[in-house]
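Per-entry structural report
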Amino acid sequence: MTVVNDQLTLILREKVHTLFAEGVADVFIGYRHGGKPLRVQPHVARSAADADQLVWNPTCINNLTSTLHKFADMRVGILVKGCDSRALVELIKLRQVRRDGVYIIGAPCPGIVDHELIARSVDPATITDIFVEEAQVMLTTDAGEITLDPADALYAKCLTCAQPTPDLYDELLGDPIAVHPIPLDARFNAAIELEQLSVAERFAFWDEQLNKCTLCYACQAVCPVCFCTACALALPRNDPKRKNRDRESVFSFHLMRAYHMTGRCIGCYECERVCPVDIPLSAIFQKAEKESRDLFGYKAGSDVAAVPPLSTFGDKT
Ligand code: SF4
Ligand code: SF4
Ligand code: SF4
């Protein structure tokens, strides 16, 4: 079974048909059904027939902006959620994307379901539709309707989302979603928890976690704002240090990436989602985002005109 959400999907397809017919975009980056229940995959539509495979529903988790660099010389359309649009702001600011080269359809996003979490309550293969609203997640299944608490169904980032509707778009797919004030402590809970530990305890925590790292670099590849063509920190596949998961190589990769992402990370936590060994990378990037706010008053992804703190010199006072 695949999840359907007919109304918005049909509107999206219609909009993309129009973009192609009017010559606004040569390609459109969105989602199509994946091969497994509750899964979608990125989809690059180049024709009206391709556009008819596009979908928008509460399983569309991927941040598609990480693929934009592949279409630098084309007129590109893209579907973005609130968190994805923050990456676009940074990419435009860092001159990786031209604002006039991309047509943005913003998708107001009530939350995206985590298929692993849902599977604890319901067999994903039996789900035919999902509806997410503030206080509950409603599933239509072969056996009838099931309602879950958002904490038992959504990705953790969606429970503290401060921006469900993109700030940056050319048109919106549906009505904007109201923002409810979220205490920053809730958004940065993993980082704050680690701040309570002593340095030795924190080191022991990360030593244990990073000991699992296979240096597969999936976290770097998926990150929308980690865009160097060849990462200077990535070891070649046959390098013995990579094969042996050399501890210094692992630590230096993560420390340098954290430094490079400070002031850039927009908190999409795609890095953590794709990590095959479940390292809690969001704790690192919550800390980076928190320090950017506390030290420089800078919130990545919020303002195309704001200067990234690590790209300038000056007295922070
Ligand atoms: S963080 Fe917000 S915009 Fe992003 S997927 Fe979750 S609810 Fe949607
Ligand atoms: S470092 Fe992780 S959370 Fe931050 S922008 Fe990259 S993928 Fe998203
Ligand atoms: S995705 Fe996970 S295992 Fe792979 S390099 Fe990143 S932290 Fe290590």
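No experiment lies behind these values; they were computed from the predicted model shown. Residue positions are given per chain, counted from 1 along the sequence in the order it is written. To read the labels, note that chains go from A and ligands from 1, taken in the order they are written. Only residues with pLDDT of at least 70 are given local features in this predicted model, and only at 80 or more are side-chain atom pairs given and counted; all residues enter the totals for whole chains, interfaces and linings. Heavy atoms from the whole structure form the basis of all side-chain values; hydrogens and water molecules are not counted.

Some words on the nonpolar core
Side-chain atoms within 4.5 Å link the members of a nonpolar core, which is a set of buried Ala, Val, Leu, Ile, Met, Phe, Trp, Tyr and Cys residues. Categorising residues by exposure relies on relative accessible area from a 1.4 Å probe, with only protein chains included: less than 20% of the type maximum marks a residue as buried, more than 50% marks it as exposed, and the intermediate range marks it as partly exposed. Leu12, Phe28, Trp56, Ile78, Leu79 and Ile118 are the most contacted members of the largest nonpolar core, which totals 52 residues. The numbering of helices and of strands both runs from the N terminus, where a helix is a DSSP run of H or I of at least 4 residues and a strand a run of E of at least 2. Elements with a minimum of two residues in this core: helix H1 (6-21), strand S1 (27-33), strand S2 (40-45), strand S3 (76-80), helix H3 (82-93), strand S4 (102-106), strand S5 (127-133) and strand S6 (136-141). One finds Cys226, Cys265, Cys275 and Phe285 within the second-largest nonpolar core, a separate group that totals 25 residues.

Observations regarding helix H11 (residues 247-261)
Residue count minus one, scaled by 1.5 Å, sets the expected span of a helix. For H11, which comprises 15 residues, the first-to-last C-alpha distance of 21 Å matches the rise-based estimate of 21 Å (1.5 Å per residue) to within 8%. Contacts from the buried residues of H11 go to helix H8 (199-210), helix H9 (218-222), helix H10 (240-243), helix H12 (270-274) and helix H13 (281-296). Backbone geometry just downstream of H11 places Gly263 in the positive-phi region, at approximately 85°. Pairs of residues are marked as contacts when any of their non-hydrogen atoms sit within 4.5 Å.

Observations concerning the pairing of S5
Relative to S6, S5 runs antiparallel, the two being bridged by six bridges. Residue pairing in the sheet places Val132 in a bridge with Val137 of S6. Should DSSP find at least two bridges between two strands, the strands are taken to pair. Linking S5 back to S6 in an antiparallel pair, the connection comprises two residues.

Comments concerning the site of ligand 1
Being near a molecule or strand, for a residue, comes down to having at least one heavy atom within 4 Å of it. In the neighbourhood of ligand 1, the contacting residues comprise Lys81, Gly82, Cys83, Cys109, Gly111, Ile112, Lys157, Cys158, Cys161 and Gln163. Contributions of two or more residues to the shell around ligand 1 are made by H3 and helix H5 (156-159). Here the residues of the shell around ligand 1 sort into five nonpolar, three polar and two charged. Each residue receives one of three labels: charged for Asp, Glu, Lys and Arg, nonpolar for Ala, Val, Leu, Ile, Met, Phe, Trp, Tyr, Cys and Pro, and polar for the others, Gly being one of them.

Description of the domain arrangement of the protein chain
Domain boundaries shown here were taken from an automatic or database domain assignment. Split by domain assignment, the protein chain resolves into domain 1 (6-110 + 163-172) and domain 2 (184-309). Using only C-alpha atoms to locate each centre, domain 1 and domain 2 end up separated by 26 Å. Opposite the 16 residues of domain 1 that make contact, domain 2 presents 21 residues. When two parts are put together, the accessible area they lose, computed with a 1.4 Å probe and summed over both, is reported as buried area. Summing both partners gives a buried area of about 1,500 Å² for domain 1 against domain 2, and 63% of it is carried by carbon and sulfur. Together, Arg86, Glu90 and Lys93 form the three largest contributors to the area buried by domain 1 at its contact with domain 2, with a combined 35%. By definition, a salt bridge exists where a carboxyl oxygen of Asp or Glu is found within 4 Å of a side-chain nitrogen of Lys or Arg. Inspection of the domain 1/domain 2 interface yields zero salt bridges. Under this definition, polar contacts are N or O atom pairs within 3.5 Å; protein pairs additionally need one hydrogen-donor-capable and one acceptor-capable atom, and for neighbouring residues in sequence, both atoms have to be side-chain atoms. For the pair domain 1 and domain 2, the interface holds seven residue pairs in polar contact (both at pLDDT 80 or more). Split by residue class, the side of domain 1 that touches domain 2 holds seven nonpolar, five polar and four charged.

Let's talk about the packing of H11 against H13
Under this scheme, a helix contributes an axis fitted over its contacting stretch, all axes are lines through C-alpha atoms, and angles between N-to-C directions fall in the 0 to 180 degree range. In the contact formed by H11 and H13, the axes pass within 9 Å of each other and the chain directions differ by 40°. Taken together, H11 and H13 sit at an angle that is classed as oblique. As H11 packs across H13, the resulting crossing turns out to be right-handed. In this structure, H11 uses His254, Arg257, Ala258 and Met261 to contact H13, whose residues at the interface are Leu281, Ile284, Phe285 and Ala288. Looking at the contact of H11 with H13, its residues break down into six nonpolar, one polar and one charged. When an angle is under 35 degrees it counts as roughly parallel; over 145 it counts as roughly antiparallel; between 65 and 115 it counts as roughly perpendicular; any other value is oblique. With the far helix as reference, a near helix turned anticlockwise by less than a right angle produces a left-handed crossing, and one turned clockwise produces a right-handed crossing.

Describing the environment of Arg39
Positionally, Arg39 belongs in the loop between S1 and S2. For the pair Arg39 and Pro124, spaced 85 residues apart in sequence, the C-alpha separation works out to 9.7 Å. In contact with Arg39, not counting residues within four places along its chain, are His33, Gly34 and His115.

Quick word on the site of ligand 2
Every residue near ligand 2 is listed here: Cys223, Pro224, Val225, Arg257, Cys265, Ile266, Gly267, Cys268, Tyr269, Glu270, Cys271 and Phe285. The residue makeup of the shell around ligand 2, split by class, is nine nonpolar, one polar and two charged.

Looking at the sheet that holds S3
Taken together, five strands build an open sheet; the order of strands is S2-S1-S3-S4-S8 and the sheet is mixed. Every other strand in the sheet has two partners, leaving S2 and strand S8 (171-172) as the edge strands with one partner each. Sheet topology places S1 next to S3; three bridges connect them, and they run parallel. Of the residues in S3, the one forming a bridge with Phe28 is Gly77.

Overview of the packing of aromatic side chains
Stacked, tilted and edge-to-face pairs are distinguished by plane angle, under 30 degrees for stacked and over 60 for edge-to-face with tilted covering the rest, among Phe, Tyr and Trp rings (Trp via its six-membered ring) whose centres lie within 6.5 Å. For the coordinates displayed, the defined rule picks out three aromatic pairs. Ring geometry for Phe205 and Trp206: centres 5.0 Å apart, planes at 85°, overall edge-to-face. Under the relative-accessibility criterion, Trp206 is labelled buried at 15%. A centroid spacing of 4.9 Å and a plane angle of 75° characterise the contact between Tyr217 and Phe253, whose relative ring orientation is edge-to-face. Taken as a pair, Tyr217 in the loop between H8 and H9 and Phe253 in helix H11 lie far apart in primary sequence, 36 residues in all. Lysine and arginine charges are scored as sitting over a ring when NZ or CZ, respectively, is within 6 Å of the ring centre and within 35 degrees of the ring normal. Looking at Arg247, its charged tip hangs above the ring of Phe251, at a distance of 5.6 Å from the centre.

Focus: the packing of H8 against H11
Here H8 crosses H11 at 110°, and the two axes come no closer than 11 Å. It follows from the interaxial angle that H8 and H11 lie roughly perpendicular. For the pair H8 and H11, the contacting residues are Phe203, Trp206, Asp207 and Leu210 in the first and Arg247, Val250, Phe251 and His254 in the second. Split into classes, the residues belonging to the contact of H8 with H11 amount to five nonpolar, one polar and two charged.

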